[in-house]
Amino acid sequence: MTTYELLIKLGYDDEGAKKILDNFIIQLRASEKLNIDILLKFKYFLSLGYTKNDVIGITKLLPPVFCLSTENIDKKLEDMETLGYTKEEAMKAVKYLPAILSYSIESMKKKREDLVTLGYTEEDAIIMTKRLPSMYGYSINTIKQKIDSLISLGYTKEEVLKMTRTSPSMFGRSADSIKLKMNELSVTLKISNDEVRRMIKSNPSALSFKPGDIDNKKEKMVELGYTPEEVEKIVKEAPFIISYTMDTLKQKLDTFEEFGDSKAEVMKMTKVIPGIFGYTKETINRKIDGMILLGYTRDDVIKMTKRFPILYTLSVDKMGQKINNMGKFGDIGFAREEVIEMTKKLPTLFGLTDENISQKIELYDSIGLHDVAIKVPQNLMQSAALSYARYCF
């Protein structure tokens, strides 16, 4: 059996088989010896846990892998664990970058050190090279040029470091291709280039969105009950949802319903704050638990977030500080229990500035209506001038 026939029998297509046979190192191997190597390596990779298609993909990308000893491959996988890889992560890296088997551990360590000199942390360097193994093949000058090209698109260096930290695949794109993608997203999403730039800054994966996928997702969201206009707003403010399957979106809505909200209430919340589509059940529970520690009951929190969904975006620490500050407002001040009662009745108080609230409380204190802020905190939402005018009449 010829080597070509063997490769076809193993599952390679004509193009793949010829690509392997055209490799210079493969051509140096005697035919009979090569056939044995191919069979042994194919079985070896399968024994590691790779699928048949994985093995075909790895060997097409790096044909000389057939000539490596299994001992050397085992050693490389073990050495990669000293760099912080689990066995599964090391195997995944080999799958997407077979050439990593030819890199020395010293050169891989050096590449991570080079990333640190550019402004990344050691942890960043580990995460980035795991997410994009091909970074090991980039020279430090190439990475610098990539960073500079992204800065030329209007981002600061800090923003570029943050974006590439979470999505190192951006290094695989040229500045020109990113510009074209930004223009495409601007037209598809009906937003300005500046808005696209901000969207990519917060969600670099938007660069992988395709017009057809975006339009299809919008149509599906309308089927869920949103209007086309609402969908446009949601996608504009939370573009990451384009990457969600419809089942995932439905699960997100169901999660909020599990906390006592009706479907209509959940949809209303997502219209106001589309970003909560990114919240998990654990995130919501942490928020509720944190507010309980502040003095609210679980039922209080559910009711408050229905009326003021923005509470989900506020940190518990900031809410606690707001409660403490409100207790000091006015000539008399308020007991913590009174502030809790006020914010239960009017959770939007958490959205007002301390100065705004303080001015109005001082006004009520000056006209002898201190208790009004507790009994009817809604009055704090009207202007001080209007409150005074109503008092005069």
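Residues numbered from 1 in each chain as written. Predicted model: local features only at pLDDT ≥ 70, side-chain atom pairs only at ≥ 80, totals over all residues. Heavy atoms only, no water.

Visitor: Help me out: how do you make sense of the overall build of the protein chain in this one?
Guide: Helix and strand counts for the protein chain come out as 24 helices and 0 strands. The C-alpha atoms of the protein chain give 30 Å as radius of gyration, which overshoots the globular expectation for 393 residues (21 Å, by more than 25%). Principal axes of the C-alpha set define a box for the protein chain whose edges measure 105 × 45 × 40 Å. Residues counted as buried form 44% of the 393 residues belonging to the protein chain. Surface exposure of the protein chain reaches about 20,400 Å², of which carbon and sulfur atoms provide 53%. Within the protein chain, one finds 59 positive and 56 negative side-chain charges whose respective centroids are separated by 2 Å. (Helix = DSSP H or I, 4+ residues; strand = E, 2+ residues; numbered from the N terminus. Rg over C-alpha atoms; globule rule 2.2 N^0.38 Å. Buried < 20%, exposed > 50% of the residue type's maximum accessible area, 1.4 Å probe, protein only. Areas by Shrake-Rupley, 256 points an atom, 1.4 Å probe, with all protein chains shown as cover. Lys, Arg positive; Asp, Glu negative; His and termini not counted. Charge placed at Lys NZ, Arg CZ, Asp CG, Glu CD.)

Visitor: Sorry if this is basic, but what is going on with a negative patch on the surface here?
Guide: Taken together, the side chains of E71, D74, E78, E81 and E88 present a region of like negative charge at the surface. The element that contributes the greatest number of residues to the negative patch is helix α6 (residues 70–81), accounting for 4 residues. Here D74 lies in helix α6. (Patch = residues over 30% accessible without salt bridge, like charges linked within 9 Å, V, L, I, M, F, W, Y side chains within 5 Å. Salt bridge = Lys/Arg side-chain N within 4 Å of Asp/Glu carboxyl O.)

Visitor: It is not clear to me how the pattern of salt bridges should be interpreted in this structure. Could you clarify?
Guide: Oppositely charged side chains may form a pair once their charged atoms are brought near each other. The tally for this structure, following the rule as stated, stands at 19 salt bridges. The shortest N-O distance in the salt bridge between K130 and E89 comes to 3.0 Å. With K130 in helix α9 (residues 122–131) and E89 in helix α7 (residues 87–96), this pair connects stretches of sequence that are 41 residues apart. Since its relative accessible area comes to 26%, K130 is described here as partly exposed.

Visitor: Just to check I follow, could you spell out helix α15 (residues 228–237) for this structure?
Guide: Count 3.6 residues to each turn of an α-helix, and residues three or four apart come out pointing the same way. Every buried residue belonging to α15 is among V231, I234 and V235, and all of these are buried. Within α15, the buried residues cover an arc of 95° as seen down the axis, which keeps them to one side. (Arc of directions from axis to C-beta.)

Visitor: What exactly am I supposed to notice about a nonpolar patch on the surface here?
Guide: Residues F24, I25 and L28 make up a contiguous nonpolar surface patch of roughly 340 Å² in combined accessible area. Checked against the element boundaries, I25 lands in helix α3 (residues 24–27). On the basis of relative accessible area, I25 is assigned to the partly exposed category, the value being 41%.

Visitor: Mind showing me how you'd approach the environment of K220 here?
Guide: Inspection of the secondary structure puts K220 in helix α14 (residues 211–223). Judged by relative accessible area, which is 33%, K220 ranks as partly exposed. Sequence separation of K220 and V231 is 11 residues, and the distance between their C-alpha atoms is 9.8 Å.

Visitor: Looking at this model, I keep getting lost on the packing of aromatic side chains. Mind explaining?
Guide: Considering all chains together, one arrives at 5 aromatic pairs under this definition. Judged by centre distance (5.8 Å) and plane angle (65°), the ring pair of F45 and Y50 falls under edge-to-face. Comparing F45 with Y50, the two get one shared label, buried. Judged by centre distance (5.6 Å) and plane angle (80°), the ring pair of F256 and Y312 falls under edge-to-face. (Phe/Tyr/Trp six-rings, centres within 6.5 Å; stacked < 30°, edge-to-face > 60°.)

Visitor: I would appreciate a short explanation of the packing of helix α12 (residues 175–189) against helix α13 (residues 193–202) in the present structure.
Guide: Two quantities define a packed helix pair, namely the angle between the axes and the distance from one axis to the other. Direction vectors running N to C along α12 and α13 enclose 110°, while the axes themselves pass 9 Å from each other. When the axes of α12 and α13 are compared, the pair comes out roughly perpendicular. Between α12 and α13, the contacting residues are M182, N183, L185, S186 and L189 on the first element and N193, V196, R197, M199 and I200 on the second. Looking at the contact of α12 with α13 residue by residue, the classes come out as 6 nonpolar, 3 polar and 1 charged. (Axes fitted to C-alpha atoms, helices over the stretch in contact; angles between N-to-C directions. Parallel < 35°, antiparallel > 145°, perpendicular 65-115°, else oblique. Contact = heavy atoms within 4.5 Å. Nonpolar A, V, L, I, M, F, W, Y, C, P; charged D, E, K, R; others polar.)

Visitor: So what exactly am I meant to see when it comes to helix α10 (residues 140–151) here?
Guide: Across its 12 residues, α10 extends 17 Å between first and last C-alpha, which sits within 8% of the 16 Å expected from 1.5 Å per residue. Every buried residue belonging to α10 is among I143, I147, S149 and L150, and all of these are buried. Relative to the axis of α10, the buried residues are bounded by an arc of 160° and lie together on one face. Taken together, the buried residues of α10 touch α8 (105–117), α11 (157–166) and α12. (Expected span 1.5 Å × (residues − 1).)

Visitor: Teacher, can you tell me more about the environment of M128 here?
Guide: Inspection of the secondary structure puts M128 in helix α9. The exposure class of M128 is buried, given its relative accessible area of 0%. Between the C-alpha atom of M128 and that of V235, which follows or precedes it by 107 residues, the distance is 27 Å. Apart from the residues within four sequence positions on either side, M128 is in contact with Y120, M135, T164, R165, P168 and F171.

Visitor: Looking at this model, I keep getting lost on the packing of helix α18 (residues 281–294) against helix α19 (residues 298–307). Mind explaining?
Guide: Here α18 crosses α19 at 120°, and the two axes come no closer than 9 Å. Every pair of crossing elements has a handedness; the one defined by α18 and α19 is right-handed. Residues N285, I288, D289, M291 and I292 of α18 form the contact with α19, whose own contacting residues are R298, V301, I302 and M304. (Left-handed = near helix turned anticlockwise from the far one by under 90°.)

Visitor: What exactly am I supposed to notice about the confidence of the model for the protein chain here?
Guide: Any segment with low pLDDT has predicted coordinates that should not be analysed in fine detail. Residues of the protein chain with pLDDT of at least 70 account for 91%, and the chain-wide mean is 86. Per-element confidence in the protein chain ranges from a low mean pLDDT of 47 for helix α24 (residues 384–392) to a high of 94 for helix α5 (residues 52–61). (pLDDT = per-residue confidence, 0-100.)

Visitor: Is there a simple way to explain the side chain of K41 in this structure?
Guide: With respect to the element layout, K41 can be found in helix α4 (residues 31–48). Among buried Asp, Glu, Lys and Arg side chains, K41 stands out as unpaired, with D37 the closest opposite charge at 4.7 Å. At 2.7 Å, the side chain of K41 and the backbone oxygen of L68 are in polar contact. (Polar contact = N/O pair within 3.5 Å; in protein donor to acceptor, adjacent residues only side chain to side chain.)

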